[in-house]
Amino acid sequence: MSIERNEREVTDDDLMEDAKDPVQAARLHKSLRTLRDNPNVPPQLQQMAREVLTGRLSMTDVAKGGTYLDALGDSMMKIKRAAENMTPEEAERNREAAERYRREQEEAEAREQAERDAPTQPQPDTPRPRSRRGRI
């Protein structure tokens, strides 16, 4: 579920209150969108993500306690229990998959950062404007 039509989604800059740098703000933004849009995420965490993405709540507010922090804790405990119940083979496959995912995410972040840092110059095949006094 996405942001309501009449609500503006926060930007990475808006999330700097809760992040230590722009890269962390971008990661937080992406994570919040994933929580909001993933149907496998518990409804309370989806709602928390929507609240933060619309600016009605900050991650600092979430960390101070309450329903959303409890929901985060419950989800973390489920993940911990699932990890503890894995066979060694499952754990190894999980580690390998996590490592592949981490590398893919780092590569994607590097591409996104390069796009953000790229100078905004006209493309080489962009026609040059003509001079008013005649041909160039």
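Notes on the structure in this doc start here. Within each chain, residues carry numbers counting from 1 in the order of the written sequence. Only residues with pLDDT of 70 or above have their local features reported here, since the model is predicted, and side-chain atom pairs are shown and tallied only from 80 upward, although totals for entire chains, interfaces and linings are computed over all residues. The side-chain quantities take in all heavy atoms of the structure and omit both hydrogens and water.

**Concerning the overall build of the chain**
Where helices and strands are cited, they refer to DSSP runs of H or I of at least four residues and of E of at least two residues respectively, numbered from the N terminus. Within the chain, the regular secondary structure consists of 5 helices and 0 strands. Sequence-ordered secondary structure for the chain, helices as α and strands as β, is α-α-α-α-α. We call a residue buried when its accessible area falls under 20% of the maximum for its residue type, exposed when it is over 50%, and partly exposed in between, using a 1.4 Å probe and counting protein chains only. By the burial criterion, 21% of the 136 residues in the chain qualify as buried. Using a 1.4 Å probe, the Shrake-Rupley method yields the accessible areas, and only the shown protein chains count as cover for residues. Working note: accessible area of the chain is about 10800 Å², and carbon and sulfur atoms make up 51% of it.

**A look at the packing of helix H2 (residues 43–53) against helix H4 (residues 67–84)**
The axes are straight lines fitted to the C-alpha atoms, using for helices just the contacting stretch, and the angles between their N-to-C directions are given from 0 to 180°. Relative to each other, H2 and H4 sit at 130°, their axes nearing to 9 Å. The orientation of H2 relative to H4 falls into the category oblique. The handedness of the crossing between H2 and H4 comes out as left-handed. Facing H2, whose interface residues are Gln44, Leu45, Gln47, Met48 and Glu51, H4 presents Thr67, Tyr68, Ala71, Leu72 and Ser75. By residue class, the composition of the contact of H2 with H4 is 5 nonpolar, 4 polar and 1 charged. Under this scheme an angle from 65 to 115 degrees is roughly perpendicular, one under 35 degrees roughly parallel, and one over 145 degrees roughly antiparallel; angles in between are oblique. Here is the rule for handedness: rotate from the far helix to the near one, and if that takes an anticlockwise turn smaller than a right angle the crossing is left-handed, while a clockwise turn gives right-handed. We call two residues in contact whenever any of their non-hydrogen atoms come within 4.5 Å of each other. Under the grouping applied here, Gly and all other residues not named as nonpolar or charged are polar, the nonpolar ones being Ala, Val, Leu, Ile, Met, Phe, Trp, Tyr, Cys and Pro and the charged ones Asp, Glu, Lys and Arg.

**A closer look at the packing of helix H1 (residues 22–37) against H2**
Between H1 and H2, whose axes approach to 7 Å, the crossing angle comes to 135°. Considering their axes alone, H1 and H2 lie oblique with respect to each other. Judged by the twist between their axes, the crossing of H1 over H2 is left-handed. Contact residues: His29, Leu32, Arg33, Leu35, Arg36 and Asp37 in H1; Leu45, Gln46, Met48, Ala49, Arg50, Val52 and Leu53 in H2. Classifying every residue of the contact of H1 with H2 gives 7 nonpolar, 2 polar and 4 charged.

**Section: the side chain of Thr54**
Locating Thr54 in the fold gives a position in the loop between H2 and helix H3 (59–63). A distance of 3.3 Å separates polar atoms of two side chains, one belonging to Thr54 and the other to Arg56. Residues adjacent in sequence count toward polar contacts only when both atoms are side-chain atoms; beyond that, a polar contact is any pair of N or O atoms within 3.5 Å, and within protein one must be able to donate a hydrogen and the other to accept it.

**Focus: the pattern of salt bridges**
Within this document, salt bridges are pairs made up of a side-chain nitrogen of Lys or Arg and a carboxyl oxygen of Asp or Glu, the two lying within 4 Å of each other. If you walk through the whole model with that rule in mind, you get 11 salt bridges. A salt bridge links Arg8 to Asp14, with the shortest nitrogen-to-oxygen separation between them at 3.2 Å. Asp14 sits in the partly exposed class, given a relative accessible area of 36%. The network of salt bridges with shared partners includes Glu9, Arg33, Arg36 and Asp37.

**What about the nonpolar core?**
Val10, Leu15, Ala19, Ala25, Leu28, Leu32, Met48, Ala49, Val52, Leu53, Leu57 and Val62 together form the largest nonpolar core, which totals 12 residues. Counting only elements with at least two residues in this core, the list comes to H1 and H2. Working definition of a nonpolar core: buried Ala, Val, Leu, Ile, Met, Phe, Trp, Tyr and Cys residues. They are joined through side-chain atoms within 4.5 Å.

**Thoughts on H2**
Of all 11 residues in H2, 8 are buried, a share of seventy percent or more. Where H2 is concerned, the buried positions are Leu45, Gln46, Met48, Ala49, Arg50, Glu51, Val52 and Leu53. Following H2 by one or two positions, Gly55 adopts a phi angle in the positive range, close to 85°.

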